[in-house]
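Notes for the structure review
Letter by letter, the chains look like this.
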Amino acid sequence: MNLKFKRNVLFLSATILIASMSVIISSCSSDEDTSDNGIRNALIDSVAESDEFLDYMFQFELVKSKFTLCINSLNNDELEIFNHNINNDEYIDGFIVKAELSEDMQLLLEYRDRLLSSAFYCKLEDTEKDKLFVDYFNCYSTTRSLVKDSGETLYLECWQPYQSAISTAEQRCSVKILGCLCTGVFTCPCVVAAYKEMDNAIARAKSEFEDCQRRK
């Protein structure tokens, strides 16, 4: 399977998953009430269902899928060079262009800026902004199914911490990107570093999951 075909498959998968989130987010919303807490929760829900937030999260997931594919395609020497130059604007710009991610990255930053300038989002307190992203990824994790691979049984006590770790890594990455200052021509090295940190965290979680499976 060539790289271009894999990119198309990942794009389709990301589109389907994010499209489903507009329905899932509604089911994860807080119960309506008229208390101060209920009013604040309603504000969080309104942001969670807004075009600005969903556009940003869709693009975040799309770039994540393509970035992961590109990183996994590097050999050990190329990965070492990448890690060494992760804060080098010129190198990262070249990497993004070679990976055909420049348009996706610029769109991600555009959607990010729209979210940050959204009137409703700006009304949220810092703890509420954290809750917005935590709730999103908690809902998103419910779309990941427990499957069997080649007849292997996947144990819940291994699978659930693994999914939780993935959601935490993704949530931290999506929030970190919001605060990135952009200095590159095509992208922010800060954004790429955030995705790489997420990728490393997910890789560690996968290793722990596999160790847990082997102990059963």
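For the structure itself, consult the block above.
None of the values given here were measured: they were computed from a predicted structure.

Before going further, it helps to spend a moment on the packing of aromatic side chains. Scanning all chains against the criterion turns up 12 aromatic pairs. Summarising the aromatic geometry, the rings of F53 and F133 are spaced 5.4 Å apart at their centres and angled 65 degrees between planes, so their arrangement reads as edge-to-face. Pair noted here: F53 is in helix α3 (residues 51-72) and F133 is in helix α8 (residues 126-141), with a separation of 80 residues, a long-range link. Ring centres 4.9 Å apart and planes at 90 degrees place the aromatic pair Y136 and F137 in the edge-to-face group. Each member of the pair Y136 and F137 is classed as buried. Among the aromatic residues, those joined into a ring-pair cluster are F53, F60, F67, F82, Y91, F95, F133, Y136, F137 and Y195.

As a further point, take the side chain of K66. Looking at the element boundaries, K66 is found in helix α3. A polar atom in the side chain of K66 sits 2.8 Å from the side chain of D104. Beyond its immediate sequence surroundings of up to four residues, K66 is in contact with L101 and D104.

Conventions used here
- Residues numbered from 1 in each chain as written.
- Predicted model: local features only at pLDDT ≥ 70, side-chain atom pairs only at ≥ 80, totals over all residues.
- Heavy atoms only, no water.
- Phe/Tyr/Trp six-rings, centres within 6.5 Å; stacked < 30°, edge-to-face > 60°.
- Helix = DSSP H or I, 4+ residues; strand = E, 2+ residues; numbered from the N terminus.
- Buried < 20%, exposed > 50% of the residue type's maximum accessible area, 1.4 Å probe, protein only.
- Polar contact = N/O pair within 3.5 Å; in protein donor to acceptor, adjacent residues only side chain to side chain.
- Contact = heavy atoms within 4.5 Å.

In short, geometric facts, not functional conclusions.
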